[in-house]
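Fold and contact review
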Amino acid sequence: MAMNLRLDDDRTEALRTQAEREGRSMHAVVLRAVDDYLAKNARDAMVREVASQEAARWRELMDRLK
């Protein structure tokens, strides 16, 4: 699916500069940023889910230790 990304002039220039530093296209830099963002949020969601499960699992013990 195609998508248009509209950036202000400052962001466009910062993206262009970063892409030149890395020797990659602006498109490749944006794709990497999106991939990194999605991976981080997936990890964060997994950590929250496991923490919630473990908190429920150990709730009785934690209440007794208060």
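Here's a quick rundown of the structure. (Residues numbered from 1 in each chain as written. Predicted model: local features only at pLDDT ≥ 70, side-chain atom pairs only at ≥ 80, totals over all residues. Heavy atoms only, no water.)

With respect to the overall build of the protein chain
Looking only at helices and strands, the protein chain has two helices and zero strands in total. Taking 2.2 N^0.38 as the reference for a compact globule, 66 residues should give roughly 11 Å; the C-alpha atoms of the protein chain span a radius of gyration of 21 Å, well beyond that estimate. Within the span of the protein chain, comprising 66 residues, buried residues form 6% of the whole. Carbon and sulfur atoms make up 56% of the accessible area of the protein chain, which amounts to about 6,200 Å² in all. Each charge sign in the protein chain was given a centre, from 13 positive and 13 negative side chains, and these centres are 5 Å apart. (Helix = DSSP H or I, 4+ residues; strand = E, 2+ residues; numbered from the N terminus. Rg over C-alpha atoms; globule rule 2.2 N^0.38 Å. Buried < 20%, exposed > 50% of the residue type's maximum accessible area, 1.4 Å probe, protein only. Areas by Shrake-Rupley, 256 points an atom, 1.4 Å probe, with all protein chains shown as cover. Lys, Arg positive; Asp, Glu negative; His and termini not counted. Charge placed at Lys NZ, Arg CZ, Asp CG, Glu CD.)

Structural notes on a nonpolar patch on the surface
A grouping of Trp-58, Leu-61, Met-62 and Leu-65 is seen on the molecular surface, where their side chains present a nonpolar patch of about 410 Å² in accessible area. Residue Leu-61 is classed as partly exposed on the basis of its relative accessible area, which comes to 32%. (Patch = residues over 30% accessible without salt bridge, like charges linked within 9 Å, V, L, I, M, F, W, Y side chains within 5 Å. Salt bridge = Lys/Arg side-chain N within 4 Å of Asp/Glu carboxyl O.)

Looking at helix 1 (residues 9-22)
Here helix 1 contains 14 residues, and its C-alpha end-to-end distance of 20 Å stays within 8% of the 20 Å for a straight helix at 1.5 Å per residue. Within the span of helix 1, buried status applies to Thr-12, Leu-15 and Ala-19. Looking down the long axis of helix 1, one finds its buried residues gathered within 65 degrees of arc, a one-sided arrangement. Opposite the packed face of helix 1, turned more than 90 degrees from it, sit the exposed residues Asp-9, Asp-10, Glu-20 and Arg-21. In this structure, the buried residues of helix 1 make contact with helix 2 (26-65). A side-chain oxygen of the first residue of helix 1 lies 3.3 Å from the backbone nitrogen of Asp-10; this N-cap is Asp-8. Positive phi shows up at Gly-23, right after helix 1, with a value of about 70 degrees. (Expected span 1.5 Å × (residues − 1). Arc of directions from axis to C-beta. Contact = heavy atoms within 4.5 Å. Polar contact = N/O pair within 3.5 Å; in protein donor to acceptor, adjacent residues only side chain to side chain.)

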